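For reference, the chains in residue letters:
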Amino acid sequence: MSQWTTVCPLEAILPATGVCALVGGQQIALFRPYADDQLFALSNIDPFAQASVLSRGIIAEHQGELWVASPLKKQRFRLRDGLCLEDETHSVPAWPVRVQDGNVQVNA
């Protein structure tokens, strides 16, 4: 059974940035690429460095897709599903995320 967990108000995530939240014991990186309510949720753990840093990565567009580049080793992870562009065997989990009554919710 899935459960939506309220994390923070949408305004707490500035456009073009990411934040980290602890949801169900997991570090989840929440990304807000634009000033609208489009959000993405990935694991915050960089699988190459085993460090909790993806929420601090740079959001960029590549070949029509949104990606986050790890601040450590620069590998790119697709925001919609966590696929690693450089090495698919190191992709990260992704979770559904939504805005409900002005609050960000993650289904983890």
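Residues numbered from 1 in each chain as written. Predicted model: local features only at pLDDT ≥ 70, side-chain atom pairs only at ≥ 80, totals over all residues. Heavy atoms only, no water.

If you check an unreviewed UniProt entry, the protein chain appears there as Nitrite reductase (NADH) small subunit from Chimaeribacter californicus. Turning to the protein chain, the UniProt record has this under Subcellular location (unreviewed entry): "Cytoplasm". Regarding the protein chain, the UniProt comment filed under Subunit (unreviewed entry) reads as follows: "Associates with NirB." (UniProt positions renumbered as here; feature names shortened; annotations may be inferred.)

## Describing the overall build of the protein chain
Check the secondary structure of the protein chain and you find 0 helices and 12 strands. Going residue by residue from the N terminus, the α and β elements of the protein chain occur as β-β-β-β-β-β-β-β-β-β-β-β. Relative to its length of 108 residues, the protein chain is compact, with a C-alpha radius of gyration of 13 Å against a globular reference of 13 Å. When the backbone C-alpha atoms are referred to their principal axes, the protein chain occupies close to 35 × 30 × 20 Å. (Helix = DSSP H or I, 4+ residues; strand = E, 2+ residues; numbered from the N terminus. Rg over C-alpha atoms; globule rule 2.2 N^0.38 Å.)

## A word on the pattern of salt bridges
Tallied over the full model, the rule gives 4 salt bridges. Each of Glu-65, Arg-78, Arg-80 and Asp-81 takes part in a single network of salt bridges with overlapping partners. (Salt bridge = Lys/Arg side-chain N within 4 Å of Asp/Glu carboxyl O.)

## A few points about the pairing of strand β8 (residues 65-69)
Of all 5 residues in β8, 4 are buried; the element is thus mostly enclosed. Relative to β8, strand β7 (residues 58-62) runs antiparallel, the two sharing 5 bridges. Residue Ile-58 lies in a different strand from β8, and its bridge partner there is Ala-69. Taking the residues that link successive antiparallel strands as the turn, the β7-β8 hairpin has 2 residues, and the phi of Gln-63 there is positive, at about 50°. Between β8 and strand β9 (residues 76-78), which pair antiparallel one after the other, the connecting turn spans 6 residues, and Lys-74 there sits at a positive phi close to 70°. (Buried < 20%, exposed > 50% of the residue type's maximum accessible area, 1.4 Å probe, protein only. Pairing = 2+ DSSP bridges.)

## Overview of the sheet that holds β9
Ordered by their spatial adjacency, 3 strands build an open sheet running β7-β8-β9, and the pairing between neighbours is antiparallel. In this open sheet, the two strands that pair with only one neighbour each are β7 and β9. Put simply, the sheet's adjacent strands are angled 40° from each other on average, direction ignored. (Axes fitted to C-alpha atoms, helices over the stretch in contact; angles between N-to-C directions.)

## Some points on unusual backbone geometry
One non-glycine residue, Ala-16, lies in positive phi territory at about 70°. One can find Ala-16 in the loop between β1 (4-9) and β2 (17-23). For Ala-16, a relative accessible area of 52% gives the class exposed. Positive phi outside glycine occurs at Gln-63, with the angle close to 50°. Following the sequence through the fold, Gln-63 ends up in the loop between β7 and β8.

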